Amino acid sequence: MTDTDVTRTSPDSGLTARIEGYLSGMGPSWVAGAIAAGPATIASLVTAGALFGYQLLWVVVLSAGAGALAQYLAMRLGLLTERGIVAVVEDHLGEWWAWLLVADAVIAAGVAQLVIMKTVATVSATVTGIDARIWGVVWALVLAVGLAGRGYRFLELAAKVLVAGVVLAFAASLFVVPIDPGAAVAGLVPSVPSGGALVAAGILGGAVHITLITMHSYTMRSRGWTRDDYDLATFDVGASMLVAFGVYSLAIFLVTASVLTSADLSTVGAAQALGPLVGPSAKWLFLLGLWGAAVSTLGGNTIVPPFLLADKLGWGTTIEDSRYRWLLVAAALLSAPGAFIGGAVLGQLVLVLALGTVGTPFAIAIVLYLLNSGAVPDRNSTLANVGGVALLLVTGGLAANFVRSQVAGGVSPLAGFVLAFAVALALAMVGLAGKFASEELV
């Protein structure tokens, strides 16, 4: 009996049995949740709370809903085509578009991988006292052996266990930190304080990110899900992104907004600062939650470039194909240098998420185009399209604000790269919109 067979309950089996089947069968969206609930998101939430108090709470709430919607759209595309997103793009848009999507995702995931490894190594060193650079090598080897040896199922199990533990750790910290309910309610009114655009982009970028959108069709294929598993896949998205990720984000933000006031803290420093302020229990809950989040994100992010590259090259996307297995090993080992990067990790993590936000609108536009084309047997509903377009506008606006902030002080090499990256993707989206309009008018 397969995982899919277990979750397909008959109509008269009852609500309880159906929910139990869903709970035991869910998984792919939890891998996406493991990436979303990572140190980069923590960095953005810590920065937002320390700099602006409760003012950006509305963005935190929005991010959970937006993340669930983005994954739902990606889920629809994956299930209705029963193929990887890159292959679908190549068939219905062409090879150039497929390579552009691969490049977009690989750049975003590759840059993030190095900074995430730095965070994992730093937290590991703080907890154990062993040099962070040693931990960088150790974790790279663990990733290579685990992913190449056991593949997707190893990652999915680790993601579910770690994400559940991380959510519990951060939720528990709410009980040892004083929250100001009045200020929190006021933070639900949308406003962006001066200097808050980059942080807001980072928060939303943690939930709506090109790596999460592009990987989802592959993780579902690894589980053998088909159109018959649509209800299970929808439940999977809601449980992981809307509920688990939502609780995770709210807990971290409320803790930091209530207690921390320094904008100079690192992610590890934020955990350590909680000790003298509200007691050692809060410090260790936060630190252990950060550790689990960093490890789960590192594993989930590692598989994204191999998935997309293998699909584009016509290779298999499971470890049964030795070429894909070696891609996994290479991606894991290439993350080790991240532990040797200097500088404060907090700003680097926020920048990584914001950079990912620049690449995300293009991925959303691709998904919306395909969901309203002949690529799928059932086109998107009006409601799903309205939500998708709103998501595209929000992420596009945040990406534009981020690019503007990067070039405001002059075009440095980094700002120049971000600007060129953004312009190329913006032109591609204009071309995609024109292509869709011409096809609809014919």
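It should be noted that the structure appears before, not after, this text.
Residues numbered from 1 in each chain as written. Predicted model: local features only at pLDDT ≥ 70, side-chain atom pairs only at ≥ 80, totals over all residues. Heavy atoms only, no water.

Engineer: I'd like a description of the overall build of the chain, backed by residues and values.
Structural biologist: Each helix and strand counted, the chain has 20 helices and 0 strands in total. Expressed as a percentage of the 442 residues in the chain, the buried residues total 56%. Restricting the contact set of the chain to residue pairs at least 6 apart, pairs at least 24 apart contribute 84%. On the chain, roughly 16800 Å² of surface is accessible, and the fraction owed to carbon and sulfur atoms is 68%. (Helix = DSSP H or I, 4+ residues; strand = E, 2+ residues; numbered from the N terminus. Buried < 20%, exposed > 50% of the residue type's maximum accessible area, 1.4 Å probe, protein only. Contact = heavy atoms within 4.5 Å. Areas by Shrake-Rupley, 256 points an atom, 1.4 Å probe, with all protein chains shown as cover.)

Engineer: Could you give an account of unusual backbone geometry, naming the residues involved and the relevant values?
Structural biologist: Positive phi, normally seen in glycine, also occurs at glutamate 82, with a value near 55°. Considering the arrangement of structural elements, one finds glutamate 82 in the loop between α5 (57-81) and α6 (85-92).

Engineer: I'd like a rundown of the packing of aromatic side chains, residues and numbers included.
Structural biologist: Within this structure, the stated rule accounts for 8 aromatic pairs. Taken together, a centroid distance of 6.4 Å and an interplanar angle of 85° make the contact between tyrosine 72 and tyrosine 230 edge-to-face. Pair noted here: tyrosine 72 is in helix α5 and tyrosine 230 is in helix α13 (residues 230-259), with a separation of 158 residues, a long-range link. With a centroid separation of 6.3 Å and 15° between ring planes, the pair formed by tryptophan 97 and phenylalanine 362 is classed as stacked. One end of the pair, tryptophan 97, is in helix α7 (residues 95-128); the other, phenylalanine 362, is in helix α18 (residues 345-371), with 265 residues separating them in the sequence. For phenylalanine 362, a relative accessible area of 0% gives the class buried. A connected cluster of aromatic rings, assembled from ring pairs, spans Trp96, Trp97 and Phe362. (Phe/Tyr/Trp six-rings, centres within 6.5 Å; stacked < 30°, edge-to-face > 60°.)

Engineer: Which residues make up the nonpolar core, and what are the values?
Structural biologist: In this structure, Val89, Val208 and Phe253 are the most contacted members of the largest nonpolar core, which totals 128 residues. Sort the elements by how many residues they give to this core and α7 lands first, with 16 residues. Discounting chain neighbours no more than four positions away, the residues touching valine 89 are Gly94, Trp97, Ala98, Leu101, Ile366 and Leu370. (Core = buried A, V, L, I, M, F, W, Y, C linked by side-chain atoms within 4.5 Å.)

Engineer: Kindly report on the environment of serine 296, identifying the contributing residues and their values.
Structural biologist: Within the fold, serine 296 resides in helix α15 (residues 280-302). Along the chain, serine 296 and alanine 37 lie 259 residues apart, while their C-alpha atoms are 8.3 Å from each other.

Engineer: Please set out α6 residue by residue, giving values where relevant.
Structural biologist: Restricting attention to buried positions, one finds in α6 the residues Ile85, Val86, Ala87, Val88 and Val89. Glycine 94 lies just past α6 and shows a positive phi near 125°.

Engineer: Tell me what's going on with the packing of α6 against helix α16 (residues 304-312), and back it up with residues and numbers.
Structural biologist: Running from N to C, α6 and α16 cross one another at 35°; their axes reach a closest spacing of 8 Å. Crossing geometry of α6 relative to α16 is assigned as right-handed. Only Leu308, Asp311 and Lys312 of α16 make contact with α6, whose side of the interface consists of Ile85, Val86, Ala87 and Glu90. The class makeup of the residues in the contact of α6 with α16 is 4 nonpolar, no polar and 3 charged. (Axes fitted to C-alpha atoms, helices over the stretch in contact; angles between N-to-C directions. Left-handed = near helix turned anticlockwise from the far one by under 90°. Nonpolar A, V, L, I, M, F, W, Y, C, P; charged D, E, K, R; others polar.)

Engineer: Pulling in residues and values, what's your account of the pattern of salt bridges?
Structural biologist: Going through the model one piece at a time under the given rule, you end up with 7 salt bridges. Of the charged contacts in the structure, one is a salt bridge between glutamate 95 and lysine 312, with a shortest N-O distance of 3.4 Å. With a gap of 217 residues between them, glutamate 95 in helix α7 and lysine 312 in helix α16 connect regions that are remote in the sequence. The class of lysine 312 is buried, set by a relative accessible area of 8%. Through salt bridges with shared partners, a single ionic network connects Glu90, Glu95 and Lys312. (Salt bridge = Lys/Arg side-chain N within 4 Å of Asp/Glu carboxyl O.)

Engineer: Pulling in residues and values, what's your account of the packing of α6 against α7?
Structural biologist: In helix packing, the relevant descriptors are the interaxial angle and the interaxial distance, both defined with respect to the helix axes. Relative orientation of the contacting elements α6 and α7 amounts to 150°, with a least axis distance of 7 Å. Looking at the two axes, α6 sits roughly antiparallel to α7. As for how α6 packs across α7, the hand of that crossing is right-handed. From α6, Ile85, Val86, Val89 and Glu90 reach across to α7, where they touch Glu95, Trp97, Ala98, Leu101 and Val102. (Parallel < 35°, antiparallel > 145°, perpendicular 65-115°, else oblique.)

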